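One-letter residues, chain by chain:
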Amino acid sequence: FGKMLTSITNVLRACVQKNVSLHLSLFSLQHGRKCDLHKLEEGPATQVVMTRDEGLQYYRVMQTMRRMELKADQLYKQKIIRGFCHLYDGQEACAVGIEASINLTDHLITAYRAHGYTYTRGGTVKEIMAELTGRRGGIAKGKGGSMHMYCKHFYGGNGIVGAQVPLGAGVALACKYQGNNELCVCLYGDGAANQGQIFETYNMAALWKLPVIFICENNRYGMGTSVERAAASTDYYKRGEFIPGLRVDGMDVLCVREAARFAADHCRSGKGPILMELQTYRYHGHSMSDPGVSYRTREEIQEVRSKSDPISMLKDRLLSNNMASVEELKEIDVEVRKEIEDAAQYATTDPEPPLEELCNHIFSNNPPLEVRGTNPWAKLKSVS
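Below you will find a few notes about this structure. Note that the structure is predicted; figures quoted are calculated from it, not measured.

Rules behind the numbers
Residues numbered from 1 in each chain as written. Predicted model: local features only at pLDDT ≥ 70, side-chain atom pairs only at ≥ 80, totals over all residues. Heavy atoms only, no water. Phe/Tyr/Trp six-rings, centres within 6.5 Å; stacked < 30°, edge-to-face > 60°. Helix = DSSP H or I, 4+ residues; strand = E, 2+ residues; numbered from the N terminus. Salt bridge = Lys/Arg side-chain N within 4 Å of Asp/Glu carboxyl O. Buried < 20%, exposed > 50% of the residue type's maximum accessible area, 1.4 Å probe, protein only. Polar contact = N/O pair within 3.5 Å; in protein donor to acceptor, adjacent residues only side chain to side chain. Contact = heavy atoms within 4.5 Å.

## Here's the deal with the packing of aromatic side chains
Then comes step 1: Enumeration over the complete set of coordinates arrives at five aromatic pairs.
Then comes step 2: Here the aromatic rings of Tyr 88 and Tyr 117 are separated by 5.5 Å at their centres, their planes lie at 65°, and the arrangement is edge-to-face. Linking Tyr 88 in the loop between α2 (52-77) and α3 (92-99) with Tyr 117 in helix α4 (residues 115-120), this pair joins segments that are 29 residues apart in sequence.
Then comes step 3: Taking the centre distance of 5.2 Å and the plane angle of 50° together, the rings of Tyr 221 and Tyr 295 count as tilted. Of this pair, Tyr 221 sits in strand β7 (residues 221-222) while Tyr 295 is found in the loop between β10 (274-279) and α10 (298-308), placing the two residues 74 residues apart along the sequence.

See the structure below:
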């Protein structure tokens, strides 16, 4: 009987590892977080399914984003990457969960912590790393740097705090005007949430019932100021007042996925905008010039890492439910590390763009025209 029981267990384990789905209960007491709702009678699904393939894909993408940011940190400290640089490590579940719930034909715009979204929207690690080092092979041809990366249906990387929110509503207006059943995901941080232009945008989006998901990635600190010191109300999901909202655990990729899926369905059904707050955390400082420990303790950062790390949480789920083996995940880790190292090698050897290209791509379709160069006597040709 004992042998038979062991045999049955092994067969079941093999089935799960091949691709049997995992049924999960979200927003449960074990995570200590629930989904908070505003002006909504019902929220996202609390019983969800994740297949083995989905789990492994989420794991690979999050690991790639994490390793890419750690490599960027290293290259910045070596002075190979210069200028502004805002890292996304710790917040990977937000980007991966959102992308898992929308289509690549939908639209997305974010602030300057944009490397992860550039990757999930279709950019390659090579293109992103080369952009960070200002090389010709960069995704913006080496002219944009950390804050200004773009690809199809992804509108950046925006350096002005909160300015991407009205732009995102404009993209959503285009979606509605064209009647293509697409939507725009418009991301901003808790630091930008007090900007006046955001409230103006809420008003217009609600009036015109635009298909836009406003997402506040609340990582608890706007630069070096905690949310409690910056905002009279930290219930960012209620800030839309007349716009329905929800708040979920931004460190859990499945919580984010289900909430974003719910929000996308809301928009596509013609109900207008919806607001999401993702409670997340960044491990690095605000930017590379911020050590990140003058306004919070190292112990606080370590506690989040040990209890709520998005990659560790997903890894534990995959292993505890026999959806993947330790060896498989290690293999993914090795592949990801190699991809990052190859990209870093490319980003440090690819040539910088020549001066003649400085004025290119100013206009979308004009014939070449003369542009004053770096001094009144230098003339450059602009080629679109």
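Now, onward.
## A few points about the pattern of salt bridges
Then comes step 1: As enumerated under the stated definition, the model contains 20 salt bridges in all.
Then comes step 2: Between Arg 257 and Glu 54 there is a salt bridge, with the nearest N and O atoms lying 3.4 Å from each other. Separated by 203 residues along the polypeptide, Arg 257 in helix α9 (residues 253-268) and Glu 54 in helix α2 bring together distant segments of the chain.
Then comes step 3: Since its relative accessible area comes to 1%, Arg 257 is described here as buried.
Then comes step 4: Taking the shortest distance from any N to any O, the salt bridge between Glu 99 and Arg 121 comes out at 2.8 Å. Of the two residues, Glu 99 sits in helix α3 while Arg 121 sits in the loop between α4 and α5 (125-132), which places them 22 residues apart along the sequence.
Then comes step 5: What emerges from the salt-bridge pattern is a single network uniting Asp 36, Asp 235, Lys 238, Arg 247 and Glu 277.

## Some details on the side chain of Glu 277
Then comes step 1: Inspection of the secondary structure puts Glu 277 in strand β10.
Then comes step 2: Given the relative accessible area of 0%, Glu 277 is considered buried.
Then comes step 3: Reaching out from Glu 277, the side chain makes a polar contact with the side chain of Asn 218 at a distance of 3.0 Å.
Then comes step 4: Here Tyr 237 takes part through its backbone nitrogen, which lies 3.1 Å from a polar atom of the side chain of Glu 277.
Then comes step 5: Residues contacting Glu 277, with those up to four places away along its chain left out, are Cys 216, Asn 218, Thr 234, Asp 235, Tyr 236, Tyr 237, Leu 246, Arg 247 and Val 248.

## Brief notes about the environment of Cys 184
Then comes step 1: Note that Cys 184 resides in strand β5 (residues 184-189).
Then comes step 2: Given the relative accessible area of 0%, Cys 184 is considered buried.
Then comes step 3: Each C-alpha atom, one on Cys 184 and one on Lys 152, is 13 Å from the other, the two residues being 32 residues apart in sequence.
Then comes step 4: Once residues within four sequence positions are removed from consideration, Cys 184 is found in contact with His 107, Ile 109, Gly 168, Val 171, Ala 172, Pro 211, Val 212 and Ile 213.

## Notes on unusual backbone geometry
Then comes step 1: Despite not being glycine, Arg 220 has its phi angle at roughly 80°, a positive value.
Then comes step 2: The residue Arg 220 is located in the loop between β6 (212-218) and β7 in this model.
Then comes step 3: Even without being a glycine, Asn 322 presents a positive backbone phi close to 55°.
Then comes step 4: Among the secondary structure elements, Asn 322 is positioned in the loop between α11 (310-320) and α12 (326-349).
Then comes step 5: Residue Asn 322 is classed as partly exposed on the basis of its relative accessible area of 28%.

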